[in-house]
Structures are given as C-alpha cells and as structure tokens.
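Analysis of the macromolecular model
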Amino acid sequence: MASIRFDRVSKHFGTEVVAVDDFTLTVEDGEFLILVGPSGCGKTTVLRMVAGLEEITSGEIQIGDRIVNDLPPTERDVAMVFQNYALYPHMSVYDNLAFPLRQKKMGKAQTRSRIDDVSRLLGIESLLQRKPRALSGGQRQRVAIGRALVREPQAFLMDEPLSNLDAKLRVQMRAELISLHKRLGITTLYVTHDQTEAMTLGDRVVVLEAGVVQQIDAPDRLYAHPVNTFVAGFIGSPAMNFLVGRLEEGALRLGDGRLELPETVQRNLPRSVGDVVVGVRPEDFVLGANGSDATRFGADVEITEQLGPETLAHIRCSELRIADVGNRLAQTDDLPASELAETLVARFAANAGVRAGERLELTVDPVRIQLFDPVSGRSLLNADSLQ
C-alpha cells in the first residue's frame, strides 16, 4: 500500500480546455478518498492521470516513494475498476481473474491460491466457471473488483463502479466496499457523481468544479460547513435552498421578518452589515406550530413527495426572495426549471401530515443556517477552504 501525492497537477486538452487546474492533494496510505463533482468537472481525468492512461500537462504525481509521471501504466502498481466492468466476455470468471497474474508470469499454483483467496473474500467461488454474460450486474462488479484485488496493488482506482447497478444493489455494494476496505486497508481513490456514495464511503471527500478543487473535508463537515455556494448546493439531496437576506445588528432580515441569530453564529460573522445569501437545508425548515417565537413565514405547498419516513414539500413563499447562485437548479430534474426557480424544498417527518394545497407557517432554524457573500459565494461562517 502507498500514498498518492499530487503536486500542482494540471491537464489541458489543446489550448482552450483546462480539465484539471493546479490540483494539489495527498491521499494518505490506507485512506478511502472520494472525488465528487458534476459531469465534466475533471474527476475521471484525475483518476486516469494516476493510472497513466492520460498524460499530465504539468505538475508531479507520486505513488509511494516513486514519481510516476513518465512511467507506463503497467509499472505504476495500481489497479483500476471501471464503470462498465471491462471483463473479457470470452473468458470465464476464473480466467478473467487470472489474466493480470498470467501477464506477470505467475505460476499456476500461486495463481490458483490467490484466486481462491479473493473469490472467497468476495463470495464468488461458485461463479468461477461462468462467463460474464451469465452473471448479474452485482456479480460482474465483484469479479471486476476481484481482478483488481488479485494483483495486490499499492492502490485502487475506482471510476464510478456502482453506477450501472440498480438502487438496491448499489446500497448492498456500498456496504460491501466499506467492509472490504476496513479489512484490507488498501489506499483507494474513488470517483463518483453520486452524493450518497461520496458521503457514506469516503474518509475524506474532494469536491471539484471545472477542474478546480472547491473543498476537501470529512463528509459530515462538508455537509455542515460548506465553504461556498457551489459546495453547499452540490452536496445534499434535495439541494440547499438559497434565499436573499440582510445582516443587521445581531439578526438576519429575511423578507419582512427578522430572525435573531444565536451567539454561536454571531461570533463567526463579520462585523459589517449588508446583503447576504442565506442557505437553508430542507430539513431546517420548522413547522410554526412546533417552532419557537421566531419569525414565521407563510408558505403554500405546491407538491409533496412521500418517501416513507419523510415528506418532501415543494413550497412557494411570497415573503422570501430566492437567491440566484447559478448551480442550484442543476441538482434537481424532478420539475421544470421555471417551476423550480420559484419554489423551495422543505423536508418533514411523514407523520407531520403535510399535504399539497395546504398553507403552512414555517420558521427557520437559526443555528443551522449558512451565510454566504453574495458576490464571491464564499461562506461567511466557514473560513477554511482546504483541509
């Protein structure tokens, strides 16, 4: 096992496209690190540069104690698991697993021993004589992971390996990947666009946008303390709501209402007053009947989504102005953009009894709000950008 270090790595395609810009990061030995971001943000390019499938334009990549910029893929001692499994269809599972070992000219007895160990670990012993076409999606993914494992590499590189699985299998495979990493402790660099995977799998998560690192943090800090509106809007489903507000002495003006800010929030704010972007997670709206004496807002429920233990309510509130931060609508495909631009999303317990067509009174939890500079988009509460 080994660490992976990026030192000011950039990748340009031609003279106009900058896929990755000045990327600096260390994946610690044994760490499970996630790269997440929207399509085209550069996360797969980062993975391919480590694997040697993409040449870097500038900077330095180090795996363990070796600088690998000029090494071919076969000499980098990493194993990659692809989105489409990349199994040889004419080979049996056993031969797919054995292929990288035969390339190394490993003996038959050692090859058999290693395949037996890996197949038991992944629960695919009974599948060794089957061809890939006779396997389910989950079984194919286990074989693809097994082919990486038998090589005993210094690091795993995983490029959206669960994206072709159905929802139930994704949940199962996430749990298996977590268990596998705990047992083996292999350094893993994992690319995904799925926030749930990012938040549940990673020791740390790197959020990328347009080839630039926005934030590196533990999953819980990423959710609770985003450094800018991009991270705040990208992490979390449904996305964070963004409102227009104004800071006043010890309070936040939202529409015609005034929300008193607790000391824990005030002490992190700049002294000056002025306009701000207010971030409110869907779960941080509180039904007025259950709230305190804080300012209440009237809201009309347009649509509800019943999700078992919770209800998502798309609400319209004429008292509040929605802030345009440029990335919120990209996260939701459930409604037309013209509708989404005018509604907020609130999350309630299913037993709250919220129904479409109702008029609600809501408050906002002042302890959990996020405040951002309206020009730069940077957080006014979280000064740390990279950790």
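Our subject is the structure that appears above.
Residues numbered from 1 in each chain as written. Predicted model: local features only at pLDDT ≥ 70, side-chain atom pairs only at ≥ 80, totals over all residues. Heavy atoms only, no water.

1. A word on the overall build of the chain
Under the convention used in this document: By definition, any uninterrupted DSSP run of H or I lasting at least four residues is a helix, any uninterrupted run of E lasting at least two residues is a strand, and each is numbered from the N terminus. Burial status follows relative accessibility: with a 1.4 Å probe on protein chains alone, a residue under 20% of its type maximum counts as buried, one over 50% as exposed, and anything between as partly exposed. For this analysis, residues touch if any pair of their heavy atoms sits within 4.5 Å. By the counting rule applied here, Lys and Arg register as positive and Asp and Glu as negative, while His and the ends of each chain are not counted. Every charge is mapped to an atom, namely NZ of Lys, CZ of Arg, CG of Asp or CD of Glu.
On a plain count of helices and strands, the chain comes out with 10 helices and 20 strands. Projected onto the principal axes, the alpha-carbon positions of the chain cover approximately 75 × 45 × 35 Å. Here the chain, with 387 residues, has 48% of them falling under the buried criterion. By sequence separation, contacts in the chain at least 24 residues apart represent 70% of the contacts at least 6 residues apart. In the chain, the 43 positive side-chain charges and the 53 negative ones have mean positions that sit 8 Å from each other.

2. Description of the environment of Asp 22
Mapped onto the secondary structure, Asp 22 falls in strand E2 (residues 17-27). Asp 22 sits 39 residues away from Ile 61 along the chain, and the two C-alpha atoms are 12 Å apart. The contacts of Asp 22, once residues within four sequence positions are left out, are Arg 8, Val 9 and Ser 10.

3. Describing the packing of helix H3 (residues 108-122) against helix H4 (residues 137-149)
Formally: Under this scheme, a helix contributes an axis fitted over its contacting stretch, all axes are lines through C-alpha atoms, and angles between N-to-C directions fall in the 0 to 180 degree range. Here the word oblique covers every angle except those under 35 degrees (roughly parallel), over 145 (roughly antiparallel) and from 65 to 115 (roughly perpendicular). A clockwise turn of the near helix away from the far one marks a right-handed crossing, whereas an anticlockwise turn of less than a right angle marks a left-handed crossing. Throughout this entry, Asp, Glu, Lys and Arg are counted as charged residues, while Ala, Val, Leu, Ile, Met, Phe, Trp, Tyr, Cys and Pro are counted as nonpolar. The remaining residues, Gly among them, count as polar.
Between H3 and H4, whose axes approach to 10 Å, the crossing angle comes to 140 degrees. Compared by their axis directions, H3 and H4 come out oblique. Considering only the axes of H3 and H4, their crossing is right-handed. Where H3 abuts H4, its residues Val 118, Leu 121 and Leu 122 lie against Arg 142, Ile 145, Gly 146 and Leu 149. Classifying every residue of the contact of H3 with H4 by side-chain character gives five nonpolar, one polar and one charged.

4. Re the pairing of strand E4 (residues 58-63)
The condition is simple: At least two DSSP bridges between two strands are needed for those strands to be called paired.
Looking at chain direction, strand E1 (residues 4-13) and E4 are connected through five bridges and run antiparallel. Opposite Phe 6, over in E4, you have Ile 61 as the bridge partner. Where E4 lies against strand E5 (residues 66-67), two bridges are found, and the strand directions are antiparallel. If you follow Ile 63 over to E5, its bridge partner there is Arg 66.

5. Thoughts on helix H2 (residues 93-103)
Of the residues making up H2, those classed as buried are Val 93, Tyr 94, Asn 96, Leu 97, Ala 98, Pro 100 and Leu 101. In the core, the buried residues of H2 are packed alongside H3 and H4. A positive phi of about 60 degrees marks Lys 105, the residue just after H2.

6. What about the sheet that holds strand E10 (residues 212-217)?
Strand order in the open sheet formed by six strands is E6-E7-E8-E3-E9-E10, with mixed pairing between adjacent strands. The open sheet has two free edges, formed respectively by strand E6 (78-81) and E10, since each of these has just one partner strand. The average angle at which neighbouring strand axes cross in this sheet is 20 degrees, direction not considered. With five bridges joining them, strand E7 (residues 155-159) and strand E8 (residues 187-192) adopt parallel strand pairing. The partner of Leu 157 across the bridge, within E8, is Leu 189. Against the sheet, H4 touches E6 and E7, its axis set at about 170 degrees to E6.

7. Notes on the pattern of salt bridges
The cut-off we apply is this: Whenever Lys or Arg places a side-chain nitrogen within 4 Å of a carboxyl oxygen from Asp or Glu, that contact is recorded as a salt bridge.
Evaluation of the coordinates by the stated rule reveals 22 salt bridges. Taking the shortest distance from any N to any O, the salt bridge between Arg 204 and Glu 31 comes out at 2.6 Å. Here Arg 204 is found in strand E9 (residues 204-209), whereas its partner Glu 31 is found in the loop between E2 and strand E3 (32-36), with 173 residues between them in sequence. Residue classification places Glu 31 among the buried residues on the basis of a relative accessible area of 8%. Arg 359 serves as the salt-bridge partner of Asp 300, at 3.1 Å between the closest nitrogen and oxygen. You can see Asp 300 sitting in strand E16 (residues 297-306) and its partner Arg 359 sitting in strand E19 (residues 359-364), a full 59 residues away along the chain. Residue Arg 359 is classed as exposed on the basis of its relative accessible area, which comes to 53%. Through salt bridges with shared partners, one network takes in Glu 248, Arg 253, Arg 258 and Glu 260.

8. Describing the packing of H2 against H3
How two helices pack is summed up by the angle between their axes together with the distance between the axes. Relative orientation of the contacting elements H2 and H3 amounts to 125 degrees, with a least axis distance of 10 Å. With respect to each other, H2 and H3 are oriented oblique. As for the relative orientation of H2 and H3, their crossing is right-handed in sense. Residues Tyr 94, Leu 97, Ala 98 and Leu 101 of H2 form the contact with H3, whose own contacting residues are Thr 111, Arg 112, Arg 114 and Ile 115. Residues of the contact of H2 with H3, tallied by class, amount to five nonpolar, one polar and two charged.

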